[in-house]
Amino acid sequence: MLEKIRFDFSFVFSPNISDGLTEDEINSYSEKITRIIDEIEADAPGFLEVPFDKRNIDSVKELAAKYRYFKDYDDFVVLGIGGSALGNIALRDSLNGLDWNRLSRDGRKGFPRIHVVDNVDPDFVSSILKNLDMKKTIFNVISKSGSTAEAMANYMVVRGIIESLGLDVRKHLIITTDPENGVLRKIASEENIDSLEIPPRVGGRFSVLTPVGLLSAIAGGLNIDALIDGAKNAYSLLKERNIWKNPAALNALVHYLYYTRGKNISVMMSYSNRLYSLADWYRQLWAESLGKKYDINGNEVNVGQTPVKALGATDQHSQIQLYNEGPNDKIVTFLVVRKFDNTVKIPKIHEDIDSLAYLGGKSLNELLSSEQRATAYSLAQNNRPNLNVEFSEICEESIGEFIFTYELQTAIMGKLLNINAFDQPGVEMGKKLTYSLMGRKGYSQFKEILEKSIKKYIV
Ligand code: PA5
């Protein structure tokens, strides 16, 4: 087994940065981390089983084969939100590439375009729907609960269009939801609509390597076995009780220790446009899992580290001034690609102009890499901790390994913070108020709360 990603923690530690962490500090947590990993393996949160659950992959492959790998369709559209969408976007952008939907059918080797409708902004939704030939489009409605207003509303909009055109919903809808519960499961069973199961014990933000993310991945021609192999690589490193050889544990501990030192913000800065959506996926994972009011003993703790995304080199000209000289409240993770698919050479022109001549004959690859190294070093000089996640290349295995490492890391961080990383009670109030504002039966009391309790300041 050869890992496709590796972590460079150099600028997290003293003496590379002053006031950095020390090896002794890490070693002093050795027993605790071992205990945490033992606990995680014993409790086995649902996501831990995902790479080893053959049914996950087999069900997706069987359905894809039934649909001839969607080659009869021009467009494959995911309708979902949060954990039922962000992983799909990250897989498409990183592995299909940012121009996938602009490629010709030949360029896509006959596979459909992949869209993810993860909002109810009417302009956004219309901008996608209006460009589809509905006869050649298949929609994958994804919702674990089957009750999320955004996903359900988009499902109803789409179904309305399909029916108004006299098309057979069974040829244009696939449902991905809980195996037993929820209205989507009922609809799928009663109407004999093809469906896939989200393992009941796997929460939304941990579900990208289940049918949630795998169906749109296979529809885009991706090798889902290799994605899972990457996840297995990550899992094999979790078995390593030596924290210095266990990236998920070490990175969780590094983030935890810096959090206790006031680094309330975790920036993920991708030096790859293709990996930028992974930072979006990470934002949900880190925020929703770790931002909690109560610890597991019921004490009010209000913990969590705010995840922020940034893009290098673009945001060097937007954010780095703040990161270097503003409040020292961040730990920065750079996503770095060692081997890009393309090499873009800069021609040797303007050799008589010093301010341009140094670029001639080099490549954009060298420039981007130099910029990342320079940014990391300058942050370190300013006593700002930062680390690299280095992808040997962008491929299914490296992405699968990254995803699973971060899922493991989040579970470990949850234990370090002594909170439940797998619930999201803070999202509930907003959901209930929305139901009430939209007139859902049984939720009218929330509308009264909203209307009565606010003193307005409208200017
Ligand atoms: O991580 C989570 O559980 C959430 O972010 C969900 O993914 C999100 O709310 C969508 O839920 P559902 O899949 O039930 O529609």
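Refer to the structure above for everything that follows.
First, a word on scope: everything that follows refers to the structure included in this document. Here the residue numbers are simple positions, counted from 1 along each chain's written sequence. Totals for whole chains, interfaces and linings use all residues, but because this is a predicted model, local features are given only for residues with pLDDT of at least 70 and pairs of side-chain atoms are given and counted only at 80 or more. Computation of side-chain values covers all heavy atoms of the structure but excludes hydrogens and water.

1. Structural notes on the sheet that holds strand β7 (residues 265–270)
Test applied: DSSP-based pairing: two strands are paired if at least 2 bridges between them are found. Counting from the N terminus, the helices are DSSP H or I runs at least four residues long and the strands are E runs at least two residues long. Axis definition: a line fit to C-alpha positions, over the contact stretch in the case of helices; interaxial angles, taken between N-to-C directions, run 0 to 180 degrees. The contact definition used throughout considers only heavy atoms, calling two residues in contact when any of these lie within 4.5 Å.
Strand order in the open sheet made by the 5 strands is β1-β12-β11-β7-β10, with mixed pairing throughout. The open sheet has two edge strands with one neighbour each: β1 (5–8) and β10 (306–311). Looking at each pair of strands side by side, their axes are set apart by 20° on average, direction ignored. Against the sheet, helix α11 (residues 247–260) engages β1, β7, β11 (330–339) and β12 (386–393), with an angle of about 150° to β11.

2. So, the environment of Ser195
Threshold: Three exposure classes are used, based on accessible area relative to the maximum for each residue type with a 1.4 Å probe and protein chains only: buried under 20%, partly exposed in between, and exposed over 50%. Any pair of N or O atoms that falls within 3.5 Å is considered a polar contact. Within protein, one atom must be able to donate a hydrogen and the other to accept it, and sequence-neighbouring residues count only if both atoms are side-chain atoms.
For Ser195, the location among the structural elements is in strand β6 (residues 195–197). Given the relative accessible area of 27%, Ser195 is considered partly exposed. A sequence separation of 136 residues divides Ser195 from Ser59, and the C-alpha atoms of the two residues are 9.5 Å apart. Apart from residues no more than four positions distant in its own chain, Ser195 is found in contact with Ile175, Arg185 and Ala188. In terms of polar contacts, Ser195 uses its side chain to reach the side chain of Arg185, at 2.8 Å.

3. Some points on the packing of helix α2 (residues 30–43) against helix α16 (residues 396–417)
What counts, and what does not: Here a crossing is called left-handed whenever its near helix is offset anticlockwise from the far helix by less than a right angle, and right-handed whenever the offset is clockwise. Polar here means any residue other than Ala, Val, Leu, Ile, Met, Phe, Trp, Tyr, Cys and Pro, which are nonpolar, and Asp, Glu, Lys and Arg, which are charged; Gly is therefore polar.
As a packed pair, α2 and α16 sit with axes 10 Å apart at the nearest point and diverge in direction by 115°. Here the hand of the crossing between α2 and α16 comes out right-handed. Two secondary-structure elements touch here, α2 through Lys32, Ile33, Ile36, Glu39, Ile40 and Asp43 and α16 through Ala411, Ile412, Lys415 and Leu416. Taken together, the residues that form the contact of α2 with α16 break down as 6 nonpolar, no polar and 4 charged.

4. Digging into the site of the ligand
Basically, it comes down to this: Only a single heavy atom is needed: when it lies within 4 Å of a molecule or strand, its residue is near that molecule or strand. For the area figures, the Shrake-Rupley method with a 1.4 Å probe applies, and any residue is considered shielded solely by the protein chains shown. Note on definitions: the grid is 1 Å and covers protein atoms alone; a cavity is a set of points where a 1.4 Å probe fits but cannot get out; a pocket is an open set with protein on both sides within 12 Å along at least five of seven lines; lining residues have an atom within 4 Å of a point. Any molecule with more than half of its atoms within 2 Å of a cavity's or pocket's grid points is counted as sitting in it.
With respect to spatial proximity, the complete set of residues near the ligand consists of Ile81, Gly83, Ser84, Ser143, Lys144, Ser145, Thr148, Gly204, Arg205, Gln284, Glu288 and Gln424. Separating an oxygen atom of the ligand from a side-chain N or O atom of Gln284 is a distance of 2.5 Å. For the ligand, the protein covers 89% of the area, taking 390 Å² as the surface of the free molecule. Judged by the proximity of its atoms to the pocket grid, the ligand belongs to the largest pocket. The residue makeup of the shell around the ligand, split by class, is 1 nonpolar, 8 polar and 3 charged.

5. Considerations on the sheet that holds strand β3 (residues 113–117)
The strand order across the open sheet built from 5 strands is β3-β2-β4-β5-β6, with neighbouring strands paired in parallel fashion. Two strands lie at the open edges of the sheet, namely β3 and β6, each paired on one side alone. Between one strand axis and the next, the sheet turns through 20° on average, direction left out of account. As paired strands, strand β2 (residues 75–79) and strand β4 (residues 137–142) are joined by 5 bridges and run parallel to one another. Within the sheet, the bridge partner assigned to Leu79 lies in β4 and is Val141. Seen against the sheet, helix α4 (residues 86–96) touches β2, β3 and β4 and runs at an angle of roughly 150° to β3.

6. Some details on empty space enclosed by the protein
Operational definition: Grid points are joined across faces, edges and corners, and a volume is the space filled by probe spheres set on the points.
Summed over all chains, the structure comprises 2 cavities of 30 Å³ or more. For the largest cavity, the calculated volume is near 60 Å³. In terms of lining residues, the largest cavity is bounded by Tyr271, Val336, Val337, Phe340, Asn365, Leu368, Ser369 and Gln372. Elements with a contribution of two residues or more to the lining of the largest cavity: β11 and α15 (364–381). A total of 4 residues in the lining of the largest cavity trace back to one element, the largest contributor, which is α15. For the lining of the largest cavity, the class distribution of residues is 5 nonpolar, 3 polar and no charged. Estimated volume of the second largest cavity: approximately 40 Å³. Tyr323, Pro327, Asn328, Asp329, Lys330, Val332, Arg384 and Pro385 are the residues that line the second largest cavity. Its residues assigned to classes, the lining of the second largest cavity shows 4 nonpolar, 1 polar and 3 charged.

7. Concerning the packing of aromatic side chains
To keep it simple, the criterion reads: Each pair of aromatic rings taken from Phe, Tyr and Trp, with Trp reduced to its six-membered ring, is defined by centres within 6.5 Å and is described as stacked if the planes are under 30 degrees apart, edge-to-face if over 60, and tilted in the remaining cases. Working rule: Lys NZ or Arg CZ, within 6 Å of ring centre, within 35 degrees of ring normal, means a charge sits over the ring.
Summed over the entire model, instances satisfying the criterion amount to 22 aromatic pairs. For the pair Phe11 and Tyr377, a centre-to-centre distance of 6.1 Å together with 65° between the ring planes defines the contact as edge-to-face. A residue pair is termed long-range when its members are at least 10 positions apart, and Phe11 in the loop between β1 and α1 (23–28) and Tyr377 in helix α15 qualify at 366 residues. With a centroid separation of 5.2 Å and 65° between ring planes, the pair formed by Phe52 and Tyr235 is classed as edge-to-face. Of this pair, Phe52 sits in the loop between α2 and α3 (54–66) while Tyr235 sits in helix α10 (residues 224–238), and the two are 183 residues apart along the sequence. Through successive ring pairs, a cluster of aromatic residues spans Phe7, Phe9, Trp281, Tyr282, Trp286, Phe391, Phe402 and Tyr406. Seen from the ring of Phe111, Lys71 lies directly overhead, with NZ or CZ sitting 4.4 Å from the centre.

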